[in-house]
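Secondary and tertiary structure notes
For reference, the chains in residue letters:
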Amino acid sequence: MADAGHFRGTGSGAARRWLRRAGSLVAGAPLLAGLVATAAPEAQAAPHTTAVGAAVSKKAASDSPVAVALNTLSPSAPVKGDTLTVSGTVTNRSGHAITDADVDLRVGPRLAGRGAIDDAARNATNTNVQVAPLGGKYRVKISHLAAKTHQDFALSVPVSDLGLGNNGVYQLGVSLSGQTSQEPWDHVLGMQRTFLPWQPDPTDKKTQLTFLWPLISKVHLSARTGPDEQQTPIFDNDDLAADLAPGGRLQQMVSLGSQLPVTWVIDPDLLATVDAMTHKYSIKKGNTTVPGKNQALANQWLNSLEKAVQNHPVVALPFADPDLASLAHAGRSVSGSLSHLQPATQVAATTVDTILHVTPSTDFAWPIDGAIDPSIVDVATSAGADKVIARSDSLGDDLPYTPTAARPIGGGTTAIVADSRLSTAFEGGLTTAASSTLAEQEFLAQTLALTRQVPNKERSIVVAPQRMPDAGQVQAMAAALHGLDSERWTESQNLTQAASATPDPHANTKVPRASHYPRSLRRRELPASAFQDIKDTQDLLTRFTDILSAPDRVEAPFANAQERSMSTSWRGDAAAAAAYRNTVTTYLKGLKGEVLLVPKSDLTLSGRSATIPVTVQNKLLQDAQHLVLRLTSSKPTRLKLDDGKAVAEQPIKVGGGHSQSVKFSGTGNANGPVEVTAQLFTADGHPYSQKMTFEVKVSEITPTAMLVIASGVLLLVLAGVKMYSRRKRAAARRAAAADHGDDGQDPGAGGVRDNGSGDGQPSDPAVDTGPGNPAPSGPGEKVDR
């Protein structure tokens, strides 16, 4: 039966929609007839004439007493001569035993198109059926199934006995029929339907299928590095190791992707992070760190990835996969936010080439879920990309078929519109074999139905799955792609080929307005405050690196951390995103604070002028330069600095791990305390350090006091000279008396020495040479002149 999509040729969108709905009703009439349960017994129903599915509520489906799980269906897309094998499990969820039960296979009619597949998938467990089972030897008998128990089954049927007709998609159901004590008659107690693509011979026009294989992860690497010369990277956690280990999500991506015709879409930050793990690294644990031990695991994963991508197309996203929609809706209001995109794109190519030794394409942008509006397109292309990966539920079409993915949207930009049904086929919990089997079969059915929409028209279709599929979803995607290995209705092509395909002239090329952007996605975006935080941190980083002799040691780690702060991976986790930004800022402030002013005690300036020392300490491993130390007197009338100024400045350069004392001259004009402020500035005048304040006590000596003191000193000197002369003359007289045999003493003089003149004057008193005041000096530093 022709798909409703074949009704064309109307003159307006409304008319086309009306005809499409009318065509769907006509084409789906046999399906709807099969969805209505009647009282006729199953044995009297004509096989393969009505659909297996029935429209029931989810509640009704979950109320069925038996759950039927289809764990395997092989081959997933059979050809003539094959034998179809179906295995699974039936579980009695009721509180009553089931007796005389049969597990049967039921084949429904060929489905009309992609919409019919959607309807059937929504009603896959409805127990109201009008399709007879194959019966006979193609059944499994279960005489007794106790309450709350399960039993495995397996059915094998030659494809020739399935009654398949023309090529297309058929519904395939497995049911359990039996009796209970409450309902002692044979009836269907459980049902599970899936899809069976039937295209035994290759089609004339095959769909060109591009499947994106995303290697993207959450942020694991912090901005912090170790204090050693090697700048040992520090990880926020060790979760990445579990993803890289055998069976982990990223290990499965590489192992399975290496065997598939896919286009690798890689976030270079993931490569840089894993590469950091191949060397010495640490992991945060509370307030300390512990050594990382997964170097061998990281090396193995990178080696496997390098082999997998050789001779395969690789697309590199901007470093850390920045959230383009958040930038467009909130970041543009904060100056400088968009400036991160160009460097992120440049470092992306370098990172991929350096680590994987392949040259990636960097001209593709991928907004979250392929949702776009004019502002997102503007931001996406601002870093040089001219191709935007969108999705058909954003850039929709009013067409009865799925058009080729590539289409021009203006300004030299091409939108690569991925098919929304195929791109979301592997979302949700695919943790069991049964859930994976259903997803795989529906994906194959949709690709065949898409190809059969316009059998004589070759189209190029792109599949852009979720960014970070889990291990179960990865395995389901790989199994579904292997189901297309025979290339009977599809052929693989890479993303670059899809972008250069001839656009469909009837496809929509108008980018939807901002008001059409999904609210569910907008609620999960980074707010404007996040970009303001990033800007503040960037300003702080700029001032810090301006003073460093080796700024690249700091610029690269923090530039990467800034990119990670606006990563798409923060979607839905605003608290973790804010915590990461705060950690980056706090760490940067800590590094900046390693160049500091040493706290200073109060000073006493005794005299008209003196030096005031201030010490700058550098705890970094590299030199600090291009700094200016500024000293400011709060009362310049009382205390003036260098050359009689209120503010004095000196350039500073301090070696790594060293301190430097800088001396300023101070001149006191009046007694009293003066508050002095010291602060470091960058060469362009931006404050670098916090202000440090100390007090200088000025004790000035006036000119009159200086004259009095000078006079006293002069008198003391003259007295000393006089005493020296008198002693010298007395010594001369004693020497002369000794030459005449006279001891120079008068026995009656009572010890008074003759001074040679016969006047009997006493000798000079002894000079006072005792110690000064032993008490300690006053508080504070004493500045000598």
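A brief report on the enclosed structure follows.

Quick notes on the rules
Residues numbered from 1 in each chain as written. Predicted model: local features only at pLDDT ≥ 70, side-chain atom pairs only at ≥ 80, totals over all residues. Heavy atoms only, no water. Helix = DSSP H or I, 4+ residues; strand = E, 2+ residues; numbered from the N terminus. Expected span 1.5 Å × (residues − 1). Buried < 20%, exposed > 50% of the residue type's maximum accessible area, 1.4 Å probe, protein only. Arc of directions from axis to C-beta. Pairing = 2+ DSSP bridges. Axes fitted to C-alpha atoms, helices over the stretch in contact; angles between N-to-C directions. Contact = heavy atoms within 4.5 Å. Core = buried A, V, L, I, M, F, W, Y, C linked by side-chain atoms within 4.5 Å. Phe/Tyr/Trp six-rings, centres within 6.5 Å; stacked < 30°, edge-to-face > 60°. Lys NZ or Arg CZ within 6 Å of the ring centre and 35° of its normal.

1. Re helix 8 (residues 295–309)
End to end, helix 8 covers 21 Å across 15 residues, agreeing with the expected 21 Å (1.5 Å per residue, within 8%). Those residues of helix 8 not exposed but buried are Leu 297, Ala 298, Trp 301, Leu 302, Leu 305, Ala 308 and Val 309. Burial along helix 8 is one-sided: seen end-on, the buried residues are contained in an arc of 125°. In helix 8, those exposed residues whose orientation departs by more than 90 degrees from the buried face are Ala 296, Gln 300 and Lys 307.

2. Focus on the sheet that holds strand 3 (residues 98–110)
Spatially, 4-3-6-7 is the arrangement adopted by the four strands of the open sheet, whose pairing is antiparallel. Two strands in the sheet have a free side with no partner beyond their single neighbour: strand 4 (139–145) and strand 7 (187–198). Strand-to-strand, the axes of this sheet are offset by a mean angle of 20°, without reference to chain direction. Pairing of strand 6 (residues 168–179) with strand 7 involves eleven bridges; the strand directions are antiparallel. Looking at the pairing, Gly 178 lines up with His 187 of strand 7. Against the sheet, helix 13 (residues 433–453) touches strand 3, strand 6 and strand 7, its axis set at about 50° to strand 7.

3. Overview of the nonpolar core
If you look at the biggest cluster of nonpolar residues, it comprises 77 residues, and the most contacted ones within it are Phe 544, Phe 558, Leu 629, Leu 631, Phe 694 and Val 696. Excluding its chain neighbours within four sequence positions, the residues that come into contact with Leu 631 are Ile 612, Val 614, Leu 641, Ala 646, Val 647, Ala 648, Phe 664, Val 676, Thr 677, Ala 678 and Phe 694. Counting 64 residues, the second-largest nonpolar core is a separate cluster that includes Val 314, Leu 444, Leu 481 and Leu 484.

4. Observations regarding the packing of aromatic side chains
Overall, the coordinates contain six aromatic pairs when judged by the stated rule. Judged by centre distance (6.2 Å) and plane angle (70°), the rings of Phe 211 and Phe 443 are edge-to-face. A residue pair is termed long-range when its members are at least 10 positions apart, and Phe 211 in strand 8 (residues 207–215) and Phe 443 in helix 13 qualify at 232 residues. Residue Phe 211 is classed as buried on the basis of its relative accessible area, which comes to 2%. Judged by its relative accessible area of 1%, Phe 443 is buried. Ring geometry for Phe 426 versus Phe 443: centroids 5.2 Å apart, planes at 45°, classification tilted. On the criterion of sequence distance, the pair formed by Phe 426 in the loop between helix 12 (420–423) and helix 13 and Phe 443 in helix 13 is long-range, its members being 17 residues apart. For the pair Phe 426 and Phe 443, a shared accessibility class is recorded, and that class is buried. Taken together through their ring pairs, the aromatic side chains of Phe 211, Trp 213, Phe 426 and Phe 443 make up a single cluster. Above the plane of the ring of Tyr 688 lies Lys 592, whose end atom (NZ or CZ) is 4.3 Å from the centre.

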